[in-house]
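Descriptive structure summary
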Amino acid sequence: MIKKKILEQWTVKDSEELYGINNWGAGYFGISKKGDVVITPFPDVEISIPEVIDGLKDRGLDMPLLLRVENILDNQIESLHKSFRKAIKNLGYNGEFRGVYPIKVNQQQQVVEEIASFGAEYHHGLEAGSKPELLTAMTYLNDPESCLICNGYKDKYFIDLGLYAVKMGMRCIFVMEMPNDLDLILERSKVLGIKPMIGIRMKTSTPADGHWGESSGEMGIFGLTTNQIMETVDVLKKENMLDCLCLLHCHVGSQISNIRDIRAAALEASRIYASLVKEGAKMGYMDFGGGLAVDYDGSHSNYSMSRNYTVDEYCADIIETVMAVMNEEDIPHPNVITESGRSTVAYYSVLLFNVLHVNRFEPADVPDSLPEETFESIKNMLYAYKTLTVKNVQECFNDALYYRDEVRQAFIAGDVDLRDRALADRIFWNIMHNIAQLKEKLKKIPPSLSEIEAVTADTYLGNFSVFQSLPDSWAIDQTFPVMPVHRLNEFPDRRGIITDLTCDCDGKLSKFNDLFCTKPSLELHSLNEDEPYYIGVFLVGAYQETLGDLHNLFGDTNIVSIRINEDGTYKIVREVEGDSVGDVLSYVEYNTKDMAEIFRKKAENAIDAGKISPNERKMIMKVYEKVLNGSTYLK
Ligand code: PLP
C-alpha cells in the first residue's frame, strides 16, 4: 500500500507505484520526469500523452478521444510470433506457428488492414465468424501462407464464399461448430466442385474459470462432443473426403487467467487430434482459439483481471503439451494456430477524457451543541460524532446508521421537520467522513467499513460515456487501468469515483484496479482553476469499440491513430471524427432534415403567436443547426 506523502515529497516514482503503470503497462506506458504519462514503444523514446492531446486540440480535435498507437499492434504480433518461435526452437518442435487475428475483437478497418499487412511477414492470418468478417478477411488477406479460419454459424453464401476463397488459393478452413454444418459444406462443395478444408471444434470436458469460461466445457454452446466428432469422421469416410479434415479447434474462453486451464485443454485436444490422425484424417493444424489473457491489474496472478503466466510460458506450455502427446503417439507435429484477439489489440487504444466538474465530498459544518428540544436521535448522533475515535469506529458507524434511520422514520411520521432532517443528514455525513479518515489507522478493517470510501469519495464528472466507450465495465464488471495522464509529480490529494455523462446510475467507474483486488475510489488531483484535467483509461483496444452502444445518444468519440517513429517523433496516420448529434439521431431512424423542418415551422408559429421575433427565430435556428452538426459530448 502506498505511503501518504505530503505534497513536496511526492515524486513520479510514487505515482508509478500508486497506479501500478509499470505492472500493467507491458513496457508500452510509463511516466516522464515531468509527470506526464508517456507512450514508450521503443527504448529511449517517450511520447507524452498530454502533449499529443494539446497537438490534437490545436488541430480542432476535442475530448473525449480514443488514441490508437499503431506500433503497439505490430509489436504485439511480433512478440507473439517470437515467443512461439523460441518455444519451437528450444523444444525441437517440428511444426510451425500460424497465428490468426479474430476480427470480432476489434473490427475497425485500420486494425484488420494493419494486422493483415504487418502480419504477412509472419504468415499471421485472420479469423472470421460472420459473412461481413469473411468478406473483410478475403479482401485484406494477401499472404497465401496465412490461414483464414471460419468459425461461427454458416449459411450457403458463407460457405460458397469460403469455397471460392480456397479456389483462389487461400487457406480458408471451415470450422464445424455444430454437427449439421457438415451437410451444407458437402452439398455446396459438390455443387461448386471445390474441395473444402474442414476443421472440427471440440467441446472440452472441463470449463475454465472466469467470466468467459462459459464458452468451454461440455455445456458450452459451440463445438462437437466426442461422439459427434466420430460421426463426422464416419460421414467423411463414407463420402471419401476424410482428407478434407485438416484442423482440430479448441477454444477454452477469453481472458484465461490460469495457465493450468490452457494446459489441460491442450492436453485433451492433443489426444483427440492424435486419434483423428489414427482414424486416417490428414489433419495438419491444431487451433487453440483465443484465451491468452491481458494483465489488466498488473498482479501477474490468476485473478480474473490478470494472468499467472507470461506470453513465453503460454507458448512453451502449448508446444510442450502437444509435442509430448504427438511423440508418445508417434504422430507428426501439427502446425499450431492461436486466435489471440484480446492480447493483440488491448494495449493499442487509450480512452482519454477531460473532467468537467468535481463534486467534492465535504459535508457542511455541524453545530457544537443542539437546543434541548431537538429530536433525541439527532442529539445522539451529534454525541457519536463528537466521541468518535480510532477505538470506537465500528460502534459509531453502527450508531450513526441506527439514528439516521430513526430520524428518517420520524420525518415520514411528521415528527421531525425538513430543517432537522437536513441537520441529521449533515451530522451523519460528517461521521462517515471522519470514519473514512480514521479507517486508514485501523490494523484490521471491519467488512462493514470496506466500502465507506466509495460513499465518501468525490465525484469527478468525465466527458465520456461508459456505455459507448467502456461497455464491459458496465456489462460484466471488467476493470481497466484508469489514471490521470498528467500532474503525476503532484500528490493526488483527493479520492474520487468517475461518473459519465449519461443519466444512468450505472454510468460510472467505481471499481479501480489494485493488486489482486479492486478499490472503490481512485486517487485523483484537485482541479486547478482554468486548467483541464485529463484521465486515461488504458488497454481498451479489445472488444470495447464494437460493443459500445448509444445510451442517451452519446456517439462515437473522435479517434486518432498515431505511428511513433524511432527518432521520437510521431505521425498522425488516421483521424476519424466522432459522431455528430445528427449522426446518432439518424442511427435511431430520425430524418434530421425533417426534424429541422418541423422545428422551423414551430418557430414560425411562435412568431405568429408573438412569442419570438423573426430575428430570434434566426438565432434559435442557428443554435439548433449548430447542435445538430456538433459533437454529442460536452464542450
Ligand atoms: N476465437 C474464438 C472462437 C472466440 O470465441 C474468441 C473470443 O472469445 C477468440 C478467438 C478471441 O479470444 P481472445 O480475445 O481471448 O484472444
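This is a predicted model, so every value here is computed, not measured.

Overview of the site of the ligand
Taken together, the neighbourhood of the ligand is formed by 14 residues, with Ser254, Glu339, Gly341, Arg342 and Tyr543 sitting nearest. Between an oxygen atom of the ligand and a side-chain N or O atom of His251, the distance comes to 3.2 Å. Contact with the protein chains removes 92% of the 400 Å² of surface that the ligand exposes when unbound.

Description of the pairing of strand E22 (residues 558-564)
Burial of E22 is extensive: six of the seven residues sit out of reach of the surface. Relative to E22, strand E4 (residues 65-69) runs parallel, the two being bridged by five bridges. Its bridge partner being in E22, Leu67 is matched across the sheet by Val560. Of the pairings in the sheet, the one linking E22 to strand E23 (residues 570-576) comprises six bridges and is antiparallel in character. Paired with Ile559 across the two strands is Val576, which belongs to E23. Where E22 hands over to E23, the hairpin turn is made up of five residues, of which Gly568 adopts a positive phi near 90°.

Quick look at helix H6 (residues 131-140)
Restricting attention to buried positions, one finds in H6 the residues Glu133, Leu134, Ala137 and Met138. The arc that holds every buried residue of H6, seen down its axis, measures 135°, which confines them to one face. Pointing more than 90 degrees away from the buried face of H6 are the exposed residues Pro132 and Thr139. Structurally, H6 contributes buried residues whose contacts are with strand E6 (125-128), strand E7 (147-150) and helix H7 (156-167).

Details of the domain arrangement of the protein chain
The domain boundaries assigned to the protein chain delineate domain 1 (7-64 + 461-576), domain 2 (95-289 + 297-344), domain 3 (376-452) and domain 4 (591-629). Each of domain 2 and domain 3 has a C-alpha centre, and the two are 58 Å apart.

Details of the pairing of strand E14 (residues 458-462)
Where a strand is regular, its side chains alternate between the two sheet faces. Of the two faces of E14, only the one carrying Asp458, Tyr460 and Gly462 is buried; Thr459 and Leu461 on the other face are not. Of the pairings in the sheet, the one linking E14 to strand E16 (residues 494-499) comprises four bridges and is parallel in character. Counterpart to Asp458 in the pairing with E16 is Gly496.

Brief notes about a nonpolar patch on the surface
The grouping of Tyr587, Val588 and Tyr590 at the surface amounts to a nonpolar patch, some 300 Å² of accessible area in total. Here Tyr590 is to be found in the loop between helix H20 (581-587) and helix H21 (592-608). Among the residues examined, Tyr590 registers a relative accessible area of 45% and is labelled partly exposed.

Side note on the sheet that holds strand E10 (residues 245-249)
Pairing is parallel in the open sheet, where eight strands are placed in the order E5-E6-E7-E8-E9-E10-E11-E12. Lying at the two open borders of the sheet, with one neighbouring strand each, are strand E5 (100-102) and strand E12 (335-337). This sheet shows a mean twist of 25° between the axes of neighbouring strands, independent of strand direction. Taken together, the three bridges between E10 and strand E11 (residues 285-287) define a ladder with parallel strand orientation. Counted as the bridge partner of His249 is Asp287 from E11. Packing against the sheet, H7 makes contact with E6, E7 and strand E8 (171-176), and its axis sits at approximately 145° to E8.

A few points about unusual backbone geometry
The omega torsion across Met63 and Pro64 is -10°, close enough to zero to call that bond cis. Backbone geometry at Asn552 places phi at a positive 60°, although glycine is not the residue there. Among the secondary structure elements, Asn552 is positioned in the loop between helix H19 (544-547) and E22. The phi torsion at Leu553 lies on the positive side, around 60°, for a residue other than glycine. Residue position: Leu553 is located in the loop between H19 and E22.

What counts and how
Residues numbered from 1 in each chain as written. Predicted model: local features only at pLDDT ≥ 70, side-chain atom pairs only at ≥ 80, totals over all residues. Heavy atoms only, no water. Near = heavy atom within 4 Å. Polar contact = N/O pair within 3.5 Å; in protein donor to acceptor, adjacent residues only side chain to side chain. Areas by Shrake-Rupley, 256 points an atom, 1.4 Å probe, with all protein chains shown as cover. Buried < 20%, exposed > 50% of the residue type's maximum accessible area, 1.4 Å probe, protein only. Helix = DSSP H or I, 4+ residues; strand = E, 2+ residues; numbered from the N terminus. Pairing = 2+ DSSP bridges. Arc of directions from axis to C-beta. Contact = heavy atoms within 4.5 Å. Domains from an automatic or database assignment. Patch = residues over 30% accessible without salt bridge, like charges linked within 9 Å, V, L, I, M, F, W, Y side chains within 5 Å. Salt bridge = Lys/Arg side-chain N within 4 Å of Asp/Glu carboxyl O. Axes fitted to C-alpha atoms, helices over the stretch in contact; angles between N-to-C directions.

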